[in-house]
Amino acid sequence: MSPLDANQIVALFRVIARRLAEARSELGVLDGAIGDADHGNSMADGFAAVVRASAEAAAVGCAAGDLFAVAGRAFLNAVGATTGPLYASALLRAGQQFAGRAEIAAEDVPALVSAFAAGIRDRGKAQPGDKTMMDVWAPAARAAELPGDPLTRLDRALRAAEDGRDATRAMVASVGRAARLGERSLGHIDPGAASAVIVIAALRDGLARYLSEARP
């Protein structure tokens, strides 16, 4: 499998950004039920900033692996509140893992799920069962680490992510803004969990498109 260069990492970011832009209103509605209704805007604006910054960096020769640190800083500058530091930490953790690499092997793309999960976990301190995005990232990371080709691993991660998202409907929020609602948070899907599924699905679809186009 051909490795991904800097421009192809930017292309992955573009897929994520486009999917989140399309889901902006839907995520806002989910967040409005248990939060302040800004999660869709935060995610869409954050990844739009990621695309702009990473494209500029790639154009002047930034290595593929170093784009994640660029992306993390861009997300944090664009998004405040809770979401900004969490996804900045996710991207920066990936940047630590791939620092200095001119290209990233397709086989290593599923490791982004684990890196994102670790960065979010360490920054936010939430655990599965708290009704947060970690109810998606934790099981998705475990699934992505199992053996298989990269698309099989991401397919497995996506199924785990979707199950984790759906499970948040039956949870009572215990951390974050939604925790103030107590039992009233029951019956609602966590918006952070919903957006995490979108990110993972976009990674999977972006890699699938790249592998299809790269096939001789």
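Now for a quick tour of the structure. (Residues numbered from 1 in each chain as written. Predicted model: local features only at pLDDT ≥ 70, side-chain atom pairs only at ≥ 80, totals over all residues. Heavy atoms only, no water.)

**Considerations on helix 2 (residues 24-34)**
Counted only if it meets this: The buried label goes to any residue with under 20% of its type's maximum accessible area, the exposed label to any with over 50%, and the partly exposed label to all in between, with areas taken from a 1.4 Å probe on protein chains only. Where helices and strands are cited, they refer to DSSP runs of H or I of at least four residues and of E of at least two residues respectively, numbered from the N terminus. What the arc covers is the set of directions going from the helix axis to the C-beta atoms. Only heavy atoms matter for contacts: two residues are in contact if any of them lie within 4.5 Å across the pair.
Residues L27, G28, D31 and I34 constitute the buried set of helix 2. Within helix 2, the buried residues cover an arc of 130° as seen down the axis, which keeps them to one side. Pointing more than 90 degrees away from the buried face of helix 2 are the exposed residues S25, E26 and V29. Against the buried residues of helix 2 lie helix 1 (6-22), helix 3 (39-59) and helix 9 (191-214).

**Concerning the packing of aromatic side chains**
Threshold: Pairing of aromatic side chains requires ring centres within 6.5 Å, counting the rings of Phe and Tyr and the six-membered ring of Trp. Pairs whose planes differ by under 30 degrees are stacked, by over 60 edge-to-face, and all others tilted.
Per the stated rule, a full pass over the model turns up seven aromatic pairs. With a centroid separation of 5.4 Å and an interplanar angle of 75°, the aromatic rings of F47 and F75 are classed as edge-to-face. One end of the pair, F47, is in helix 3; the other, F75, is in helix 4 (residues 67-78), with 28 residues separating them in the sequence. Pairing F47 with Y87 gives two aromatic rings, centres 6.1 Å apart and planes at 75°, and the pair type is edge-to-face. Within this pair, whereas F47 is found in helix 3, its partner Y87 is found in helix 5 (residues 83-98), the two being separated by 40 residues in sequence. On the basis of relative accessible area, Y87 is assigned to the buried category, the value being 0%. Cluster of aromatic residues (ring-pair linked, three or more members): F47, F75, Y87, F116 and W137.

**Some thoughts on helix 5**
Heads up, the rule is: In this analysis, the expected span of each helix is defined as 1.5 Å times one less than the number of residues it contains.
For helix 5, spanning 16 residues, the distance from its first C-alpha to its last is 23 Å, which sits close to the expected 22 Å at 1.5 Å a residue. Of all the 16 residues making up helix 5, 12 are buried; the element is thus mostly covered by neighbouring parts of the structure. For helix 5, every residue scored as buried is listed here: T83, G84, P85, L86, Y87, A88, S89, A90, L91, A94, G95 and F98. Of the surrounding secondary structure, the elements contacted by the buried residues of helix 5 are helix 1, helix 3, helix 4, helix 6 (111-124), helix 7 (134-144) and helix 9. Positive backbone phi, approximately 85°, marks G100, located one or two places after helix 5.

**Topic: the packing of helix 1 against helix 9**
What counts is decided by this rule: Note on geometry: axes are lines fitted to C-alpha atoms, helical ones only across the stretch in contact, with angles between N-to-C directions running from 0 to 180 degrees. Roughly parallel means an angle under 35 degrees; roughly antiparallel means over 145; roughly perpendicular covers 65 to 115; every other angle is labelled oblique. Handedness of a crossing follows from how the near helix is turned relative to the far one, being left-handed for an anticlockwise turn of less than a right angle and right-handed for a clockwise one. Under this grouping Gly is polar, as are all residues other than the nonpolar Ala, Val, Leu, Ile, Met, Phe, Trp, Tyr, Cys and Pro and the charged Asp, Glu, Lys and Arg.
Running from N to C, helix 1 and helix 9 cross one another at 135°; their axes reach a closest spacing of 8 Å. Looking at the two axes, helix 1 sits oblique to helix 9. Judged by the sense of rotation from one axis to the other, the crossing of helix 1 with helix 9 is right-handed. For the pair helix 1 and helix 9, the contacting residues are Q8, L12, V15, I16, R18, R19 and L20 in the first and S195, I198, V199, A201, A202, L203, D205, G206, L207, R209 and Y210 in the second. In terms of residue class, the contact of helix 1 with helix 9 is made up of 11 nonpolar, three polar and four charged.

**Topic: the side chain of K131**
For clarity, the threshold we go by: For the charge count, each Lys or Arg is scored as positive and each Asp or Glu as negative, with His and the chain ends excluded. When a carboxyl oxygen of Asp or Glu lies within 4 Å of a side-chain nitrogen of Lys or Arg, that pair is called a salt bridge. Contacts described as polar in this section are N or O atom pairs within 3.5 Å, which, within protein, must combine one atom able to donate a hydrogen with one able to accept it, while residues neighboring in sequence count only if both atoms come from side chains.
Positionally, K131 belongs in the loop between helix 6 and helix 7. Although K131 is buried, it forms no salt bridge, and the closest oppositely charged side chain is D190 at an N-O distance of 6.5 Å. One polar contact links the side chain of K131 to the main-chain carbonyl oxygen of T168, over a distance of 2.5 Å. There is a polar contact of 3.1 Å between the side chain of K131 and the backbone oxygen of M171.

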